[in-house]
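Spelled out from the first residue to the last, the chains are:
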Amino acid sequence: MQMTFGKQALQQSSPSSLFSLRGSLLFLAILTLLSFTYLSLKYSTPAPQVSVAKLVDARVNDAEEEKDEEQFTDIYHSPHVFKLNYAEMEKKFKVYIYPDGDPNTFFQTPRKLTGKYASEGYFFQNIRESRFRTDDPDQADLFFIPISCHKMRGKGTSYENMTIIVQNYVEGLISKYPYWNRTLGADHFFVTCHDVGVRATEGLPLLVKNSIRAVCSPSYDVGFIPHKDVALPQVLQPFALPAGGNDIENRTTLGFWAGHRNSKIRVILARVWENDTELDISNNRISRATGHLVYQQRFYRSKFCICPGGSQVNSARIADSIHYGCIPVILSNYYDLPFNDILDWRKFSVVLKENDVYQLKQILKGISHAEFVTLHNNLVKVQRHFQWNSPPVQFDAFHMVMYDLWLRQHTIKY
Ligand SMILES: *[C@@H]1O[C@H](CO)[C@@H](O)[C@H](O)[C@H]1NC(C)=O
Ligand SMILES: *[C@@H]1O[C@H](CO)[C@@H](O)[C@H](O)[C@H]1NC(C)=O
Ligand SMILES: *[C@@H]1O[C@H](CO)[C@@H](O)[C@H](O)[C@H]1NC(C)=O
Ligand SMILES: *[C@@H]1O[C@H](CO)[C@@H](O)[C@H](O)[C@H]1NC(C)=O
């Protein structure tokens, strides 16, 4: 009976399906006519009967589409998805911020928006001044645990004591509020740029294991879990000089790096290339005595800026390169690049393994002028994503971090 059901159903519905076939054909014809009308409206000189209002409409849409095409290019893995999902996030995403802990021992809210850890300060400030904040935990998609340790460190608190303070604070939230236990913290996150923050939270395995960590040092040795955690871009703001871009004729140096030799790869980089005539590699940080803003000027004059991993957190150079319009050359065996799941880094940077350091010049010289121009133009397009603002502006570093959090909350929705 069941076996023949399909056939019977087909036989029984034969006349009507013929009818619906005719209907479909008619529908198709209408559709064709409509799309033809639309296309001719869009691309050819308008027929006299078309109203002015419709024309203006079509032109506005065209202009918007063109702007979109300029903005949402292949620098994104999925430009279309990003555009729509980002808009959705702006409309819907809500975050509940837990209250700060004891202000005498634990300063959760950094106020400093400058220096190496500015990203942390900006995030704390931005989330409070943004539309994403909600005071109603029932409306929240995610819960923000405000843990910030660098002020504790400033007071000379030991790592052990910092760990205890963080532990007491988080355990206090777990016992006081019902939200952690619902998902075992999977819809909770914290943000720390300073590596002391990373270390201080390590005393609480359930925090590290379950909640989303947004950290500036996304390498495996700090327990970074790519599908769960978020790489926070380290940006040293304010920038000393304005953003670079569309200045290719001024970029006459092939590659540039100046810094401390505080990691194995940096030692090798300096040793192999320090006297090269095309690569500008100085095995010492350029001191202020050399001249005002000499370091930053070199970023303007170089095509490629080498970003080797340092002793610990060290992505500020990447953000510097992006800002000054110099293609970052990532020289690291593992580094989870910020917004890696949204942006296609190969479209605006050169990602190499540490072993490539010996062929660095050949690799960079192998990149054609046309390829370089494409990389440079794409780099200018991502600059806005690596810039913090207060108040935050659309598509800036804050919004990109929020978007990364938004992507993660889908998998753990309570
Ligand atoms: C750590 O905490 C203990 C107990 O509160 C205190 O006696 C000690 O001085 C603290 N040490 C540091 C370095 O903060
Ligand atoms: C959450 O679970 C922990 C461990 O079972 C418990 O100690 C705590 O009281 C719970 N929190 C709430 C608000 O019930
Ligand atoms: C190139 O450098 C010169 C001298 O520093 C500067 O005046 C000029 O504006 C630069 N050109 C571009 C396109 O930035
Ligand atoms: C670079 O030049 C300095 C000074 O002449 C010299 O001491 C050093 O050995 C050179 N390094 C390499 C890798 O050739």
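Data block above holds the structure.
Residues numbered from 1 in each chain as written. Chains lettered and ligands numbered in written order. Predicted model: local features only at pLDDT ≥ 70, side-chain atom pairs only at ≥ 80, totals over all residues.

Quick look at the overall build of the chain now. Each helix and strand counted, the chain has 16 helices and 11 strands in total. Relative to its full complement of 414 residues, the chain shows a buried share of 35%. Pairs at least 24 residues apart make up 71% of the contacts formed inside the chain by residues separated by at least 6 positions. (Helix = DSSP H or I, 4+ residues; strand = E, 2+ residues; numbered from the N terminus. Buried ≥ 20, exposed ≤ 12 C-beta atoms within 10 Å, placed from the backbone. Contact = placed C-beta atoms within 7 Å.)

This part is about the site of ligand 2. Lining the immediate surroundings of ligand 2 are Ile174, Ser175, Pro178 and Asn181. Looking at side-chain class alone, the shell around ligand 2 contains 2 nonpolar, 2 polar and no charged residues. (Near = placed C-beta within 6 Å. Nonpolar A, V, L, I, M, F, W, Y, C, P; charged D, E, K, R; others polar.)

So, about the pairing of strand 7 (residues 253-258). Sheet topology places strand 7 next to strand 9 (residues 302-308); 3 bridges connect them, and they run parallel. Its bridge partner lying in strand 9, Thr253 is registered against Ser302. Note that the unit made of strand 7, helix 11 (residues 264-273) and strand 8 (residues 279-282) has a crossover that is right-handed. (Pairing = 2+ DSSP bridges. Right-handed = clockwise from strand over helix to strand, strands pointing away.)

Let us now look at the environment of Gly309. When you line up the elements, Gly309 lands in the loop between strand 9 and helix 13 (316-324). Looking at Gly309, the number of C-beta atoms within 10 Å reads 22, which means it is buried. Through-space distance from the C-alpha of Gly309 to that of Ser332 is 5.8 Å; in sequence the pair is 23 residues apart.

The next point concerns the sheet that holds strand 4 (residues 188-192). One open sheet holds the 6 strands; their spatial order is 2-1-3-4-5-6, and the pairing between them is parallel. If you trace the sheet from one side to the other, it starts and ends with strand 2 (133-134) and strand 6 (230-231), each paired once. Note: strand 1 (residues 95-97) against strand 3 (residues 142-144), 3 bridges, orientation parallel. Each bridged residue has a counterpart across the sheet, and for Tyr96 the counterpart in strand 3 is Phe143. Packing against the sheet, helix 5 (residues 118-129) makes contact with strand 1, strand 2, strand 3 and strand 4, and its axis sits at approximately 135 degrees to strand 4. (Axes fitted to C-alpha atoms, helices over the stretch in contact; angles between N-to-C directions.)

The next subject is the packing of helix 12 (residues 294-301) against helix 13. As a packed pair, helix 12 and helix 13 sit with axes 9 Å apart at the nearest point and diverge in direction by 60 degrees. For the element pair helix 12 / helix 13, the angle class is oblique. As for how helix 12 packs across helix 13, the hand of that crossing is right-handed. Contacts between helix 12 and helix 13 involve Gln296, Phe299 and Tyr300 from the former and Asp320, Ser321 and Tyr324 from the latter. (Parallel < 35°, antiparallel > 145°, perpendicular 65-115°, else oblique. Left-handed = near helix turned anticlockwise from the far one by under 90°.)

It is worth spelling out the nonpolar core at this point. One finds Phe144, Leu232, Cys305, Ile306, Val329 and Val401 to be the most contacted residues of the largest nonpolar core, which totals 86 residues. Per element, the largest residue contribution to this core is 8 residues, and it comes from helix 16 (residues 397-409). Looking at which domains feed residues into this core, each of domain 1 (80-236 + 393-408) and domain 2 (248-386) supplies at least three. (Core = buried A, V, L, I, M, F, W, Y, C linked by C-beta atoms within 7 Å. Domains from an automatic or database assignment.)

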